[in-house]
Amino acid sequence: LDRSGSMTGYANSGSTDQKIDVLKYASDEFIQMMTKDIGNKLGIVQFNEDVVPFAAPQPDLKELTTANEIDFQNSVASLIADGYTSMGDGLDEALNQLTAVSDPNPDQEILLISDGKENRSLYIADVQPDLVANGIPVHALGLGYSYGINETKLIDLATATGGSYRITSDDILFRKYFLEILAEAA
């Protein structure tokens, strides 16, 4: 989840919510929609120029249960937008979480959310070969307008990994895309 400073802006000229708030709301809905107590695991990585893995109660993939759902939701609610953008760092941490599990699941997928252009290393290009080699699809979701997003890089990433790419400046459509990606992954 991109928490760079540009996430304090608005998704579109008619919006009264900052992009970070739109992201929090959509992430919360995503967590609520995931089936709990059946072994589904979730890892959440927040990134700007620094990466902060967080999941309840430890920073790695954790089974999503009815009991710990609120911990995941609190983690998302704590996001604060600030700093630069290192999408590669976020992807690298997500990849590390997925490949560190002792019993990898063939249905592992990454959802990358960003509103901007990467301007700090690691870059997407630094991590993309490892994502491809591990067969992990990346679903990239851009929040905002295409002129402000690394659209070409995100499309290339999604295509190379077998994922998908969507972009919108509409708050409602953004939440819809989040849920579509959940349905695709399931």
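Refer to the structure presented above.
Note that the structure is a prediction, hence the values are computed from the model and not measured.

Q: I'm lost on the packing of aromatic side chains in this one. Help?
A: Each pair of aromatic rings is reported with the distance of its centres and the angle of its planes. Applying the stated rule across the entire model yields 3 aromatic pairs. Note on Phe30 and Phe178: the rings are 5.6 Å apart at their centroids and 80° apart in plane angle, and the pair reads as edge-to-face. Linking Phe30 in helix H1 (residues 19-33) with Phe178 in helix H6 (residues 171-185), this pair joins segments that are 148 residues apart in sequence. In this pair, the class of Phe30 matches that of Phe178, namely buried. An aromatic cluster of at least three residues, connected via ring pairs, comprises Phe30, Phe174 and Phe178. Arg120 extends its terminal NZ or CZ atom over the ring of Tyr84, reaching a point 3.7 Å from the ring centre.

Q: Please explain unusual backbone geometry as it appears in this structure.
A: The phi torsion of most residues other than glycine is negative, and most of the peptide bonds are trans. Cis peptide bonds are those with omega within 30 degrees of zero, and the linkage from Ser121 to Leu122 qualifies with 0°. Summarising the element assignment, Leu122 is placed in the loop between strand E5 (110-114) and helix H4 (124-133). Its identity as a non-glycine residue notwithstanding, Asp37 has a phi of 65°, on the positive side. Structurally, Asp37 is set in the loop between H1 and strand E1 (41-42).

Q: How do you make sense of the nonpolar core when you look at a structure like this?
A: In globular proteins that are soluble, nonpolar side chains generally tend to be buried together. Within the largest apolar cluster, 26 residues are counted, with the highest numbers of intra-cluster contacts made by Leu23, Ile44, Phe174 and Phe178. Where this core is concerned, the elements lending two or more residues are H1, helix H2 (69-77), strand E6 (138-143) and H6. No other element matches H1, which puts 6 residues into this core. Phe178 has contacts with Leu23, Ala26, Ser27, Phe30, Leu111, Ile113 and Leu141, leaving out every residue within four places of it along the chain. Grouped together as the second largest cluster of nonpolar side chains are 22 residues, Val45, Leu112, Ile124 and Tyr165 included.

Q: I would appreciate a short explanation of the pattern of salt bridges in the present structure.
A: A side chain of one charge can pair with a side chain of the opposite charge when the charged atoms of the two come close. Using the criterion set out here, one finds 6 salt bridges in the structure. Note that Glu29 is salt-bridged to Arg175, the shortest N-O span being 3.6 Å. Placement of Glu29 in helix H1 and of Arg175 in helix H6 is noted, with a sequence separation of 146 residues between them. When the shortest N-O distance is used, the salt bridge between Lys176 and Glu180 registers 2.9 Å. In this pair, Lys176 and Glu180 both sit in helix H6, 4 residues apart, roughly one turn of the helix. What makes Glu180 partly exposed here is its relative accessible area of 26%. Ionic contacts of the salt-bridge type, sharing partners, join the residues Arg166, Lys176 and Glu180 into one network.

Q: Help me understand H6 in this model?
A: Residue pairs spaced three or four apart in an α-helix point in one direction, given the helix's 3.6 residues per turn. Counted at 1.5 Å a residue, the expected span for H6 with its 15 residues is 21 Å, and the 22 Å between its end C-alpha atoms agrees. Turning to H6, its buried residues are Asp171, Phe174, Tyr177, Phe178, Ile181 and Leu182. The buried side chains of H6 occupy one side of the element, clustering within an arc of 140° when seen end-on. The exposed set on the far side of H6, more than 90 degrees from its buried face, consists of Ile172 and Ala183. Tucked into the core, H6 has its buried residues touching H1, E5, E6 and strand E7 (164-168).

Q: When you look at the layout of surface pockets in this model, what are you seeing that I'm missing?
A: Which parts of space are left empty comes out when a probe the size of a water molecule is rolled across the atoms. Volume-wise, the largest pocket comes out at about 1,000 Å³. Along its surface, the largest pocket is lined by 39 residues, and Met34, Lys41, Leu42, Gly43 and Glu109 are the ones closest to its centre. Looking at the lining of the largest pocket, the elements that each hand over two or more residues are H1, E1, strand E2 (44-47), helix H3 (87-99), E5 and H6. Broken down by element, the lining of the largest pocket gets its largest block of residues, 5 residues, from H3.

Calculation criteria
- Counting from 1, residues in each chain are numbered in the order their sequence is written.
- A pLDDT threshold of at least 70 governs which residues receive local features in this predicted model, and a stricter bar of 80 or more applies before side-chain atom pairs are shown or counted, although totals over entire chains, interfaces and linings include all residues.
- Note: side-chain values were computed over all heavy atoms of the structure, leaving out hydrogens and water.
- Any Phe, Tyr or Trp ring, taking Trp's six-membered ring, that has another such ring centre within 6.5 Å forms a pair; planes under 30 degrees apart are called stacked, those over 60 apart edge-to-face, and the others tilted.
- Working definition: helices are DSSP H or I runs of at least four residues, strands are E runs of at least two. Numbering for both runs from the N terminus.
- Summary of the burial criterion: residues with accessible area below 20% of their type's maximum are buried, those above 50% are exposed, and those between are partly exposed, where the area comes from a 1.4 Å probe applied to protein chains only.
- Criterion for a charge above a ring: Lys NZ or Arg CZ within 6 Å of the ring centre, and within 35 degrees of the ring normal.
- Nonpolar cores are built from buried Ala, Val, Leu, Ile, Met, Phe, Trp, Tyr and Cys residues. Side-chain atoms within 4.5 Å join them into one set.
- By definition in these notes, contact holds between two residues if any of their heavy atoms fall within 4.5 Å.
- Salt bridge criterion: a side-chain nitrogen from Lys or Arg within 4 Å of a carboxyl oxygen from Asp or Glu.
- To estimate how far a helix should reach, multiply one less than its number of residues by 1.5 Å.
- The reported arc concerns the directions from the helix axis to the C-beta atoms and nothing else.
- Both site types are read off a 1 Å grid over the protein atoms alone. A 1.4 Å probe that fits but cannot get out defines a cavity, while an open set with protein on both sides within 12 Å along at least five of seven lines defines a pocket; lining residues have an atom within 4 Å of a point.
- Grid points are joined across faces, edges and corners, and a volume is the space filled by probe spheres set on the points.

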